[in-house]
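Each chain is listed here by its residues.
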Amino acid sequence: MNHSVRRTHLPSPSEDPQETPDMHYQKYHPIDVVNGPGTRCTLFVSGCVHKCPGCYNASTWNANSGHPFTPALADRIVADLQDAQIPRRGLTLSGGDPLYPGNCPSVQALVRRVKAECPGKDIWLWTGYVLEALDCAQRAVLPYIDVLVDGPFVQALADRRLQLCGSSNQRIIPHPARRLGEGA
Ligand code: SF4
């Protein structure tokens with residue numbers, strides 16, 4: 001996944017009464033210029049099974065770590081993407097792994113909503129899975145994703161010159177659903 005330095009950080013909202021127990025997140029950055037092109041909103045979710053040696057984000061592996069992802073936070077992300085005062089190019093989903101199996105329903109609901117309510121905004125998603133190995137629930141997210149960055153972090157292939165990847169095995173894949181021949 002992308003291990004670039006995150007310069008923008010806002011303390012995470014918490015203690016929302018409308019909690020959805022199926023996904024947790026670590027941080028939400030409403031204004032982010034390092035995790036993808038342009039100015040973006042970025043959500044770092046909890047949960048990752050890959051346990052890559054050298055991972056910078058081991059604190060995200062536990063799917064119950066961080067904060068519950070709530071409807072209120074989904075509302076805020078949509079509102080931030082619609083904010084005309086600080087135009088965002090799109091939404092970045094990273095982690096942890098947004099395609100951790102327990103995260104897929106919440107992530108799918110979020111990206112569907114963003115595509116419906118935030119026209120013109122792109123969605124980038126970083127996952128430790130390889131595109132071709134995704135299961136049905138993970139593939140159901142892909143039609144809403146403009147760019148997928150796939151593959152685990154491989155320490156032997158780490159390359160600091162890469163701006164959007166941590167290691168050279170990782171691929172930047174536009175329209176991943178089309179790549180699989182599943183339309184988009
Ligand atoms: S996929 Fe990313 S978050 Fe998960 S262990 Fe590998 S580097 Fe860490």
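The residue numbering used here restarts from 1 in each chain and proceeds along that chain's sequence as written. This being a predicted model, a pLDDT of at least 70 is required before a residue's local features are given, and a value of 80 or more before pairs of side-chain atoms are given or counted; all residues contribute to the totals for chains, interfaces and linings.

### Structural notes on the sheet that holds strand E4 (residues 90-94)
Thought 1: With mixed pairing, the seven strands of this open sheet are ordered in space as E3-E1-E2-E4-E5-E6-E7. Since the sheet does not close on itself, it has two edges, and those belong to strand E3 (67-68) and strand E7 (171-174), each with one partner.
Thought 2: Here strand E2 (residues 40-45) runs beside E4; their pairing, made up of five bridges, is parallel. The residue bridging Arg40 from the neighbouring strand is Gly90, located in E4.
Thought 3: In this description, any two residues whose backbone-derived C-beta atoms lie within 7 Å of each other are considered to be in contact. Every axis in this analysis is a line fitted to C-alpha atoms, fitted for helices over the stretch in contact. Angles between the N-to-C directions lie between 0 and 180 degrees. The helix and strand labels rest on DSSP assignments: H or I over at least four residues marks a helix, E over at least two residues marks a strand, and numbering proceeds from the N terminus. Sheet contacts for helix H1 (residues 71-82): strand E1 (24-32), E2 and E4; angle to E2, the most-contacted strand, approximately 155 degrees. Between any two strands, at least two bridges found by DSSP are needed for them to pair.

### A few points about the nonpolar core
Thought 1: If you look at the biggest cluster of nonpolar residues, it comprises 36 residues, and the most contacted ones within it are Val111, Ile123, Val141 and Ile145.
Thought 2: Within the residue set of this core, elements represented by two or more residues are E1, E2, H1, E4, helix H2 (104-117), strand E5 (122-126) and strand E6 (147-150).
Thought 3: For Val111, the contacting residues outside a window of four places in its chain are Ile123, Val141, Tyr144 and Ile145. Each nonpolar core consists of buried Ala, Val, Leu, Ile, Met, Phe, Trp, Tyr and Cys residues. Their C-beta atoms, within 7 Å, join them into a set. Burial is judged by counting the other C-beta atoms within 10 Å of a residue's own C-beta: 20 or more makes it buried, 12 or fewer makes it exposed, and any count in between marks it as partly exposed, with every C-beta position built from the backbone.

### Structural notes on the packing of H1 against H2
Thought 1: For the pair H1 and H2, the least separation of the axes is 10 Å and the interaxial angle reads 30 degrees. The pairing of H1 with H2 is recorded here as roughly parallel in orientation. As H1 packs across H2, the resulting crossing turns out to be right-handed. Counted together, Ala74, Val78 and Leu81 of H1 and Leu110, Arg113, Val114 and Glu117 of H2 form the full contact between these two elements.
Thought 2: Classification used: nonpolar for Ala, Val, Leu, Ile, Met, Phe, Trp, Tyr, Cys and Pro, charged for Asp, Glu, Lys and Arg, polar for all others including Gly. When its residues are assigned to classes, the contact of H1 with H2 shows five nonpolar, no polar and two charged. The scheme is simple: roughly parallel for angles under 35 degrees, roughly antiparallel for over 145, roughly perpendicular for 65 to 115, oblique for anything else. Less than a right angle of anticlockwise turn of the near helix away from the far helix marks a crossing as left-handed, whereas a clockwise turn marks it as right-handed.

### Digging into the pairing of E5
Thought 1: Extensive coverage of E5 is indicated by the burial of five of its five residues.
Thought 2: The alternating pattern of E5 places Asp122, Trp124 and Trp126 on one face and Ile123 and Leu125 on the opposite face, and all of these are buried.
Thought 3: Pairing of E4 with E5 involves four bridges; the strand directions are parallel. By the bridge assignment for E5, Gly90 is matched with Asp122.
Thought 4: Whether a crossover is right-handed depends on one test, that the path from the first strand over the helix to the second runs clockwise when the strands point away from the viewer. What joins E4 to E5 is H2, and the crossover it makes is right-handed.
Thought 5: Taken together, the three bridges between E5 and E6 define a ladder with parallel strand orientation. In the sheet register, Leu125 faces E6, and the bridge partner there is Leu148.

### Concerning the confidence of the model for the chain
Thought 1: pLDDT is a residue-level measure of predictor confidence that goes from 0 to 100. In the predicted model, the chain carries a mean pLDDT of 90, and the fraction of residues at 70 or more is 88%.
Thought 2: Low pLDDT, under 50, characterises residues 2-20; the predicted model gives this stretch 44 contacts beyond four residues in sequence or across chains.

### Description of unusual backbone geometry
What you tend to see is this: most non-glycine residues have negative phi, and most peptide bonds are trans.
Thought 1: Cis geometry is found at the peptide bond from Gly95 to Gly96, where omega equals 15 degrees.
Thought 2: Mapped onto the elements of the fold, Gly96 is located in the loop between E4 and H2.
Thought 3: You will see that Lys51, though not glycine, has its phi angle at about 50 degrees, which is positive.
Thought 4: Given 10 C-beta atoms within 10 Å, Lys51 falls into the exposed group.
Thought 5: In this structure, His175 is a non-glycine residue whose phi angle is positive, near 45 degrees.
Thought 6: Locating His175 in the fold gives a position in the loop between E7 and helix H4 (176-179).
Thought 7: Exposure remark for His175: the 15 C-beta atoms within 10 Å place this residue in the partly exposed category.

### Here we look at H2
Thought 1: To estimate how far a helix should extend, the number of its residues minus one is multiplied by 1.5 Å. Between its first and last C-alpha atoms H2 spans 20 Å; for 14 residues at 1.5 Å apiece the expected length is 20 Å, and the two agree.
Thought 2: Listed as buried for H2 are Cys104, Val107, Leu110, Val111 and Val114. Angularly, the buried residues of H2 cover 130 degrees about the axis, an arc narrow enough to put them on a single face. When the buried face of H2 is taken as reference, the exposed residues oriented beyond 90 degrees from it are Ala116 and Glu117.
Thought 3: Lining the buried residues of H2 we find H1, E4, E5 and helix H3 (136-139). What the arc measures is the spread of directions leading from the helix axis to the C-beta atoms.

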